[in-house]
Amino acid sequence: MFYFAQKTWENMLRAIVNAYLICYNIHKETKIKWFYQTNKEKESLMKAATYVSAGNLQLIDQPKPGIKNPTDAIVRVLKTTICGTDLHILGGDVPACKEGTILGHEGIGIVEEIGDAVTNFKVGDKVIISCVTACNTCYYCKRSLPSHCEDGGWILGHLINGTQAEYVHIPHADGSLYHAPESVDDEALVMLSDILPTSYEIGVLPSHVKPGDNVCIVGAGPIGLAALLTVQFFSPATIIMVDLSESRLEAAKKFGATHTICSSDIAEIKAFINEVTDGRGVDISMECVGYPATFDVCQNVISVGGHIANVGVHGKPVSFNLDELWIKNITLNTGLVNANTTEMLLNVLKSGKIDATKLITHHFKLSEVEKAYDVFKHAGENNALKVIIENDISE
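What counts and how
- In this convention, every chain numbers its residues from 1, walking through the sequence in written order.
- Note on the predicted model: pLDDT of at least 70 is required for a residue's local features to be given, and 80 or more for side-chain atom pairs to be given and counted; whole-chain, interface and lining totals, by contrast, use all residues.
- In computing side-chain properties, one takes all heavy atoms of the structure into account and sets aside hydrogens as well as water.
- Among buried residues, the Ala, Val, Leu, Ile, Met, Phe, Trp, Tyr and Cys ones that are joined through side-chain atoms within 4.5 Å form a nonpolar core.
- Relative accessibility decides the category of a residue: with a 1.4 Å probe and only protein chains considered, values under 20% of the type maximum give buried, values over 50% give exposed, and everything between is partly exposed.
- Runs of H or I in DSSP of at least four residues are treated as helices and runs of E of at least two as strands, each being numbered from the N terminus.
- Every residue pair with non-hydrogen atoms within 4.5 Å of one another is taken to be in contact.
- Stacked, tilted and edge-to-face pairs are distinguished by plane angle, under 30 degrees for stacked and over 60 for edge-to-face with tilted covering the rest, among Phe, Tyr and Trp rings (Trp via its six-membered ring) whose centres lie within 6.5 Å.
- As a reminder, the over-ring test applies to NZ of lysine and CZ of arginine, requiring each to be within 6 Å of the ring centre and within 35 degrees of the ring normal.
- Just to be clear on terms, a salt bridge is a Lys or Arg side-chain nitrogen sitting within 4 Å of an Asp or Glu carboxyl oxygen.
- Angular values range over 0 to 180 degrees, each being the angle between N-to-C directions of two axes fitted as lines to C-alpha atoms, with helices fitted over their stretch in contact.
- What sets the label is the angle itself: under 35 degrees gives roughly parallel, over 145 gives roughly antiparallel, 65 to 115 gives roughly perpendicular, and the rest give oblique.
- Should the near helix be turned counterclockwise from the far one by less than a right angle, the crossing is left-handed, whereas a clockwise turn marks it as right-handed.
- The residue classification treats Ala, Val, Leu, Ile, Met, Phe, Trp, Tyr, Cys and Pro as nonpolar and Asp, Glu, Lys and Arg as charged. All others, Gly included, are polar.
- A pair of strands is labelled paired if DSSP reports no fewer than 2 bridges between them.
- In protein, a polar contact requires one atom able to donate a hydrogen and another able to accept it; more generally it is a pair of N or O atoms within 3.5 Å, and residues adjacent in sequence count only if both atoms are side-chain atoms.

Chemist: So what exactly am I meant to see when it comes to the nonpolar core here?
Modeler: What tends to happen in soluble globular proteins is that the nonpolar side chains get buried as a cluster. Among the nonpolar cores identified, the biggest contains 48 residues, and Met191, Leu196, Ile217, Leu225, Leu228, Met241 and Met286 are the most heavily contacted of them. Residue assignment for this core shows that the elements contributing at least two residues are helix H4 (186-190), helix H5 (195-204), strand E9 (214-218), helix H6 (222-231), strand E10 (238-243), helix H7 (246-255), strand E12 (282-287) and helix H11 (342-351). By residue number, the principal contributor to this core is H6, which donates seven residues. The residues touching methionine 241, leaving out its near neighbours within four places in the chain, are Ile217, Gly219, Ala220, Gly224, Leu225, Leu228, Leu249, Ala252, Ala257, His259, Thr260 and Ile261. In this structure, Leu90, Val375, Phe376 and Ala384 belong to the second largest nonpolar core, which totals 22 residues.

Now the structure itself:
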């Protein structure tokens, strides 16, 4: 009797131990799965400067991008910057950019992954990211207008997620990236993403600047100063910079401006320019801000036979004095950069003819991007031109 009772007790004890072991193993396995799943979820996220709502930019978690098409590349961003266009987006002037979009369309980085159809780049290549995505095969790309590419154009930080993040997805990598030479400073290379090609292609080239011309550039921000640097390729006699910031005008003098005026009064500006140009006005006026008032300056100082180049991004209509200008035989151009002079401008940087690092005044980490935006938004108070944002989160 005692023997059977003992056996029953042993069986019960064994069952309890087995049940405990089963529960322990299930718990352990669940915990391991949770650990790996949590880590995997973390690995699939990245930090990114995100347009949350009008006037609200935040550094938040966003999904890490992956290859979608065979022509794609994934680039780990090394350095990026903020553009005036990003401020226009935050101000609600670009309704096509939806809330939740990662901002930024400039930068350099390292290729982390490529699609099967990418031929010009390989994993590990250091690259310049163009602000314009070009398929190189559509109707507009074949007409040297990749800014209006039917499967690209200006989409980074606008219609798709941009470069102010740890990683960026680049469609049509072969037409949208450039190899970054080690001989040129990284921060100078960032200037090749947008402001140098934009100022040159939309401001300088369409103006047909000739040696001895009189040029007025309205706006001494980064785009205006980039136009100042590149217009000197053609040896104009005078370059007059107009702005409301004395510090920016001081920078303009160092960059090659022959005259500066700190004013928003059209009569005062016109009188100053007439004095410099013997009353004729300027041969070329470049609008590099994107406001009705700055465009108005340009059309009021242009000479007979002159050219107005509108480089700024406008969010509101402007008044065009056609009743006064039709008889003056002027021409006018606007446009979105095509970035088809990037290789040429890269050669200029290699030669040392211009130093694009002069455009950079402030440095921040990606983890400080919200502070960087605040400084750039109040550029006048902070004596800021271009800011460089370095990825300090991923390696």
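From this point, things continue past the structure.
Chemist: Before we go on, may I ask you to explain the packing of aromatic side chains in this structure?
Modeler: The geometry of an aromatic ring pair is captured by the separation of the ring centres together with the interplanar angle, meaning the angle of the planes. In the structure shown here, the tally under the stated rule is three aromatic pairs. A centroid spacing of 5.1 Å and a plane angle of 85° characterise the contact between tyrosine 139 and tyrosine 140, whose relative ring orientation is edge-to-face. For tyrosine 140, a relative accessible area of 33% corresponds to the partly exposed category. A cation over a ring is seen here: lysine 64 above tyrosine 167, with NZ or CZ 4.3 Å from the ring centre. The side chain of arginine 143 reaches across the aromatic face of tyrosine 139, ending 3.8 Å from its centre.

Chemist: Help me out: how do you make sense of the pattern of salt bridges in this one?
Modeler: Within this structure, the stated rule accounts for 10 salt bridges. Among the salt bridges present, the one from lysine 79 reaches glutamate 187, with a minimum N-O distance of 3.4 Å. Taken together, the residues span a long stretch of sequence, with lysine 79 in strand E3 (residues 73-81) and glutamate 187 in helix H4 at a distance of 108 residues. Summarising the burial analysis for this pair, lysine 79 and glutamate 187 share the class buried. Residues lysine 386 and glutamate 106 are paired through a salt bridge, measuring 3.3 Å at the closest nitrogen-oxygen approach. With lysine 386 in strand E16 (residues 386-390) and glutamate 106 in the loop between strand E4 (101-102) and strand E5 (107-114), this residue pair connects regions lying 280 residues apart in the sequence. The pair lysine 386 / glutamate 106 is uniform in exposure class, with both members buried.

Chemist: Explanation requested: the packing of H5 against H11 in the structure shown.
Modeler: The axes of two packed helices give the description: the angle between them and the distance between them. The interhelical angle for the contact between H5 and H11, taken along N-to-C directions, is 115°, at an axis separation of 10 Å. When the axis of H5 is compared with that of H11, the two are roughly perpendicular. Seen from above, H5 lies across H11 with right-handed handedness. Contact residues: H5 offers Leu196, Pro197 and Tyr200, while H11 offers Thr342, Met344, Leu345 and Leu349. When the residues that make up the contact of H5 with H11 are grouped by side-chain class, the tally is six nonpolar, one polar and no charged.

Chemist: What am I meant to see in the pairing of strand E2 (residues 56-63) here?
Modeler: For a regular strand, side-chain orientation follows a simple rule: the groups alternate between the two sheet faces. Here strand E1 (residues 45-53) pairs with E2 via eight bridges, running antiparallel. Across the sheet, residue lysine 47 finds its bridge partner in E2, namely aspartate 61. If you look at the hairpin formed by E1 and E2, you'll find two residues sitting between the two strands, and glycine 55 has a positive phi there, around 80°.

Chemist: Explanation requested: the side chain of glutamine 299 in the structure shown.
Modeler: Here glutamine 299 is to be found in helix H9 (residues 292-301). Apart from residues no more than four positions distant in its own chain, glutamine 299 is found in contact with Ile308, Ser319, Phe320, Asn321 and Leu325.

Chemist: I'm lost on the sheet that holds E9 in this one. Help?
Modeler: Across a sheet, strands are paired by hydrogen bonds formed along the backbone, either parallel or antiparallel in direction. With parallel pairing, six strands are arranged side by side in an open sheet as E11-E10-E9-E12-E13-E14. The sheet is open, and its two borders are formed by strand E11 (259-262) and strand E14 (331-333), each paired with just one other strand. With strand direction ignored, the average angle separating the axes of adjacent strands in the sheet is 15°. The sheet strands contacting H6 are E9, E10 and E12, and the helix crosses E10 at an angle near 180°. Sitting on the sheet, helix H8 (residues 266-276) touches E9, E10, E11 and E12, and the angle it makes with E11 is about 165°.

Chemist: Explain the side chain of glutamate 187 here, please?
Modeler: Under the relative-accessibility criterion, glutamate 187 is labelled buried at 15%. A distance of 3.4 Å separates polar atoms of two side chains, one belonging to glutamate 187 and the other to lysine 79. Not counting residues up to four positions away in its chain, the partners in contact with glutamate 187 are Lys79, Ile360, His363 and Ile388.

Chemist: Which parts of the structure should I look at to understand the environment of isoleucine 393?
Modeler: By the secondary structure assignment, isoleucine 393 is in the segment after E16. A relative accessible area of 35% places isoleucine 393 in the partly exposed class. Between the alpha carbons of isoleucine 393 and lysine 365 there is a distance of 8.6 Å; along the sequence they are 28 residues apart. When neighbours within four sequence positions are excluded, isoleucine 393 is seen to be in contact with Lys47, Glu166, Leu366 and Ser367.

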